[in-house]
Amino acid sequence: MDLGLTFCVRPLVIFRMTIKRLKILIICLIGSTSLIVILYFISNKGHAAENGFIRLLPSHKLIGVISQDIRYNIWYIAGTSNGAIYFGNNIVPGRISKVDTSMVNYQEINLFGFEKMQVSKGSFIQIDSPFFYFLDGVKPVILRGSVSDCHLSKQLNSTTYFTGGIPLTKNSFALRSVYNGLGNKLIKQSIKPGSLKATSLLEKQVDGMFCTDGEMVKIPGSSKMIYVYYYRNQFLCADSNLNLLYKGKTIDTISHAQIKVARIKSSGEITMAAPPLYVNKRACANEKYLFVQSALRANNETDYMIKDVSMIDVYAVKDGKYQFSFYLPDFRGFKVRDFKIYGQSLYALYDHYLYKYQLNF
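Rules used in this analysis
Residues numbered from 1 in each chain as written. Predicted model: local features only at pLDDT ≥ 70, side-chain atom pairs only at ≥ 80, totals over all residues. Heavy atoms only, no water. Pairing = 2+ DSSP bridges. Helix = DSSP H or I, 4+ residues; strand = E, 2+ residues; numbered from the N terminus. Axes fitted to C-alpha atoms, helices over the stretch in contact; angles between N-to-C directions. Contact = heavy atoms within 4.5 Å. Phe/Tyr/Trp six-rings, centres within 6.5 Å; stacked < 30°, edge-to-face > 60°. Buried < 20%, exposed > 50% of the residue type's maximum accessible area, 1.4 Å probe, protein only. Lys NZ or Arg CZ within 6 Å of the ring centre and 35° of its normal. Salt bridge = Lys/Arg side-chain N within 4 Å of Asp/Glu carboxyl O. Core = buried A, V, L, I, M, F, W, Y, C linked by side-chain atoms within 4.5 Å.

Asks: Hey, could you go over the sheet that holds strand 6 (residues 124–128) for me, with residue numbers and the actual values?
Replies: Whenever strands of a sheet pair, they do so through backbone hydrogen bonds, lying parallel or antiparallel. Taken in spatial order, the four strands make up an open sheet running 6-7-8-9, and their pairing is antiparallel. Looking along the sheet, the strands with just one partner apiece sit at the ends: strand 6 and strand 9 (151–156). The average angle at which neighbouring strand axes cross in this sheet is 30°, direction not considered.

So, in structure tokens, the structure goes:
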């Protein structure tokens, strides 16, 4: 063979082998990349099917202001009056505390008027300035007093047992009651003896009791109220006569309460048979907006993003339409356990700390 021809053929063969190997490598690279992308979308599709909603998260909606140590983690926010935030006590109902809105002066106070009265577990204090109310749904009884002297002097006997309540007006209340064994009902109770109005606002899905459990929210400066379900994506707005104004929906997709209940044979009581899926943890409102703490992660969030925050979704009070969301950060390693909004200020309880935030909207 001609030596020159041999030297010409060999580089050509090497070149062709190199091209072939490059093609194989490119095909493998494209194939593996495609597989990763496909697996990624399959994984995301699974997450999307779980909750199926997106949060709008504009920046700078919440600005931290100042914190205050309130000594114990037994307090809950009862309301505001005369430039102070008041707290009820989960252990000693006859003792309250308050801190001024500047978060400087903290004080604990004894209530008067029910020293000889045996208090039931689950009783609570509500402030609706200039009055504060003591509500005991087991007895059942409602006591009223003036914030100025902290003396409970007027007794408003309820004609039905209740598990929650808020003052609608000076002379009436909205109560959640297990009514005639038919499950939870929202009831209007007026001071006038015998004045009781049961409604069909709460809609049964499972048992009529646990499935209709939720948070009762008073709209400040108004006789309207909103009821936010714990286990489904719905809330109700009603007027002072508990007539339905509208039904609103939270942004998640859980429309049916995912709970299991069972009956205890020995007592006949109905109880939860498994931990429920919370949709909405708690709620409050100012004059313009309803604020709902959601328990569910959105599709545009990761577990890492929400690890150290609580998700607050904001809705318009006038029509229930979703506006946007913001994050309420953890404080000193504690999750928020209660929060209320008065005007443009948000007050959040973390264990035994109260933190004040300013709303920038």
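Asks: With reference to specific residues and values, describe the environment of Gln-118.
Replies: By secondary structure assignment, the location of Gln-118 is in the loop between strand 5 (106–110) and strand 6. Separated by 21 residues in the primary sequence, Gln-118 and Lys-139 place their C-alpha atoms 9.3 Å from one another. Setting aside residues up to four positions removed in sequence, Gln-118 forms contacts with Asp-136 and Lys-139.

Asks: Please set out the packing of aromatic side chains residue by residue, giving values where relevant.
Replies: This model, assessed by the stated rule, comprises 20 aromatic pairs. When the ring of Phe-324 is compared with that of Phe-361, the centres are 4.9 Å apart and the planes differ by 85°; the resulting orientation is edge-to-face. Residue Phe-324 is located in strand 23 (residues 322–329), and its partner Phe-361 is located in the segment after strand 26 (353–359); the two are separated by 37 residues in the primary sequence. Note on Phe-324: relative accessible area 10%, which makes it buried. Consider the rings of Tyr-342 and Tyr-347, whose centres lie 6.2 Å apart with planes at 45°: the pair is tilted. Its relative accessible area of 2% is what places Tyr-347 among the buried residues. One Lys or Arg, Arg-144, reaches over the ring of Phe-131 and ends 4.6 Å from the middle of that ring.

Asks: Can you lay out the pattern of salt bridges for me, pointing to particular residues and giving the numbers?
Replies: One pass over the full model with this rule turns up eleven salt bridges. Between Arg-55 and Glu-301 there is a salt bridge, and its shortest N-O distance comes to 2.8 Å. Placement of Arg-55 in the loop between helix 1 (3–51) and strand 1 (62–69) and of Glu-301 in the loop between strand 21 (289–294) and strand 22 (309–316) is noted, with a sequence separation of 246 residues between them. An identical accessibility class is assigned to Arg-55 and Glu-301; each is buried. Across the pair Arg-176 and Asp-213 runs a salt bridge, and its minimum N-O distance is 3.5 Å. In this pair, Arg-176 is assigned in strand 11 (residues 172–178) and Asp-213 in the loop between strand 13 (196–198) and strand 14 (214–218), connecting sequence segments 37 residues apart. Across the pair, Asp-213 and Arg-176 agree in class, each one buried.

Asks: How would you sum up the nonpolar core? Please name residues and give values.
Replies: Counting residues in each nonpolar core, the largest one holds 26 residues, and the members touching the most others are Leu-111, Ile-125, Ile-127, Phe-132, Leu-135 and Ile-142. At the level of secondary structure, the elements contributing two or more residues to this core comprise strand 2 (75–81), strand 3 (84–89), strand 6, strand 7 (131–136), strand 8 (141–146), strand 9 and strand 11. Tallying contributions element by element places strand 7 first for this core, with five residues. Dropping the residues within four chain positions of it, Ile-125 is found in contact with Tyr-76, Ala-78, Pro-93, Leu-111, Tyr-133 and Phe-134. Residues Phe-291, Leu-328, Phe-331 and Ala-348 belong to the second largest nonpolar core, which totals 21 residues.

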